[in-house]
Amino acid sequence: MTTLHILRNPSLTTRILHTLHSDTTVDPTTLSVNLPALLNHKPLLSSVYAETLRLHLQAYVTRASPHRDVHLAGWTLPKGKVCMVNTHASHMDETFWNTRGGQHPVKEFWAERFLIWPGDAGSGPVREDMVDYKRPTTGVVDTVESEGWAGKMGREGKGEPFFSVQGLEGAWIPYGGGYAACPGRQFAKRVVLYTTALLVGAFEVEVLTPGLVMDDECFGLGTQKPKHEVKFRIRRRGAVPVL
Ligand code: HEM
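Bear in mind the structure is a predicted one, so any value in this text is a computation, not a measurement.

**Student:** Talk me through the overall build of the protein chain; I want residue IDs and the actual numbers.
**Tutor:** Scanning the protein chain from terminus to terminus reveals six helices and 14 strands. When burial is assessed residue by residue, the protein chain has 30% of its 243 residues classed as buried. At a minimum sequence separation of 6, the contacts of the protein chain that also span at least 24 residues come to 65%.

**Student:** Just give me the short version of unusual backbone geometry, but keep the residues and values in it.
**Tutor:** Positioned with a positive phi, Leu31 is a non-glycine residue whose angle comes to about 55°. If you trace the backbone, Leu31 turns up in the loop between β1 (26-27) and β2 (32-33). Here the phi dihedral of Arg100 falls at roughly 55°; this positive angle occurs in a residue that is not glycine.

**Student:** Just give me the short version of the site of the ligand, but keep the residues and values in it.
**Tutor:** What surrounds the ligand is a group of 14 residues, the closest being Ala59, Gly176, Cys182, Gly184 and Ala188. A breakdown of the residues in the shell around the ligand according to their chemical character gives eleven nonpolar, three polar and no charged.

**Student:** Run through the confidence of the model for the protein chain, naming residues and quoting values.
**Tutor:** Looking at the protein chain, the pLDDT average stands at 86 and 89% of residues meet or exceed 70. Contacts from residues 139-157, a stretch scored under 50 in pLDDT, to residues over four places away or in other chains number 52 contacts.

**Student:** Give a detailed account of the nonpolar core, specifying residues and quantitative values.
**Tutor:** One finds Ile16, Ala197 and Val200 to be the most contacted residues of the largest nonpolar core, which totals 33 residues. Where this core is concerned, the elements lending two or more residues are α1 (2-7), α2 (10-21), α3 (35-40), α4 (43-56), β8 (115-116), β9 (162-163) and α6 (185-202). Sorting elements by how many residues they give to this core places α4 first, with six residues. Residue contacts for Ala197: discarding those within four places in its chain leaves Leu20, Thr25, Val26, Val33 and Leu38.

**Student:** So what's going on with the packing of α2 against α6? Which residues, and what values?
**Tutor:** Put simply, α2 and α6 touch, their axes get as near as 9 Å, and they point 100° apart. By the angle between their axes, α2 is roughly perpendicular relative to α6. Contacts from Thr13, Ile16, Leu17, Leu20 and His21 in α2 reach Ala197, Val200 and Gly201 in α6. Looking at the contact of α2 with α6 residue by residue, the class counts come to five nonpolar, three polar and no charged.

**Student:** Kindly report on the environment of Thr14, identifying the contributing residues and their values.
**Tutor:** Looking at the secondary structure, you find Thr14 in helix α2. Expressed as a C-alpha distance, the spacing of Thr14 and Gly201, which sit 187 residues apart in the sequence, is 9.8 Å.

**Student:** Break down α2 for me, citing the residues and quoting the values.
**Tutor:** In this model, α2 (twelve residues) spans 16 Å end to end at C-alpha, consistent with the 16 Å of a helix rising 1.5 Å per residue. Among all positions of α2, only Ile16, Leu17, Thr19 and Leu20 are buried. Each buried residue of α2 lies within a common arc of 160° when the element is viewed along its axis, so the set occupies one face. In α2, those exposed residues whose orientation departs by more than 90 degrees from the buried face are Pro10, Ser11 and Thr14. On its buried face, α2 sits against α1, β1, α4 and α6.

Reading the values: rules and limits
Residues numbered from 1 in each chain as written. Predicted model: local features only at pLDDT ≥ 70, side-chain atom pairs only at ≥ 80, totals over all residues. Helix = DSSP H or I, 4+ residues; strand = E, 2+ residues; numbered from the N terminus. Buried ≥ 20, exposed ≤ 12 C-beta atoms within 10 Å, placed from the backbone. Contact = placed C-beta atoms within 7 Å. Near = placed C-beta within 6 Å. Nonpolar A, V, L, I, M, F, W, Y, C, P; charged D, E, K, R; others polar. pLDDT = per-residue confidence, 0-100. Core = buried A, V, L, I, M, F, W, Y, C linked by C-beta atoms within 7 Å. Axes fitted to C-alpha atoms, helices over the stretch in contact; angles between N-to-C directions. Parallel < 35°, antiparallel > 145°, perpendicular 65-115°, else oblique. Expected span 1.5 Å × (residues − 1). Arc of directions from axis to C-beta.

This is the structure in structure tokens:
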């Protein structure tokens, strides 16, 4: 879905392409991808990835307290009982996520939702009026994932946007969280970013199916995917990148 969201949007494709080709993160002639560059300097691609997980994933984070009752935000989890936290409920919380004053509703894909523009308090993943949220500044250390998050080197001085999930703990939870957070998340992220970079950077893909109808049948216990075939035309990019 990360790749499809990019390829369906020509201007987004052009912008992502520029980031992939300007420093040869992807070389279309050799079909090679520079993974460290991909992981560290691609805030827009990271934002698309995070937004895709926010929008198209639904999982239940299951917890129990074996030794004592737990009191949290007015609720009590009795000792030995199981509770389940639905990621989608959190990912669709309009009181938390930034929609730019309703321009980008939580139920819609917005490639830039996770981009923070220095000096623009209305940018970034969280609503401007969320008092508990402390906007990350340049050079943030990602607290959800310990390393390798693209864009964490936000260059505030140059006014370039950066990506960060700092402050989203408990809100952006596609991989759960805490002691039992998904141990495969670093691997999953690399597979998604690598595949997306290769497909977008080394191939010209024309998506022929207009609009997308999503299949909700298994949504609730996994990912949402297109209900019908998505037709496309694909060919290798030439040696000279199209920017
Ligand atoms: C986009 C891909 C993936 C998503 C969205 C995802 C999501 C999750 C979630 C929500 C949990 C529960 C976390 C919690 O309770 O806090 C989980 C657990 C787990 N995941 Fe993933 N996962 C993904 C990929 C993978 C991969 C690639 C692997 C292995 C290579 C993996 C292995 C596991 C394991 C072993 C657990 C159980 C951890 C435990 O109970 O301690 N996952 N995953």
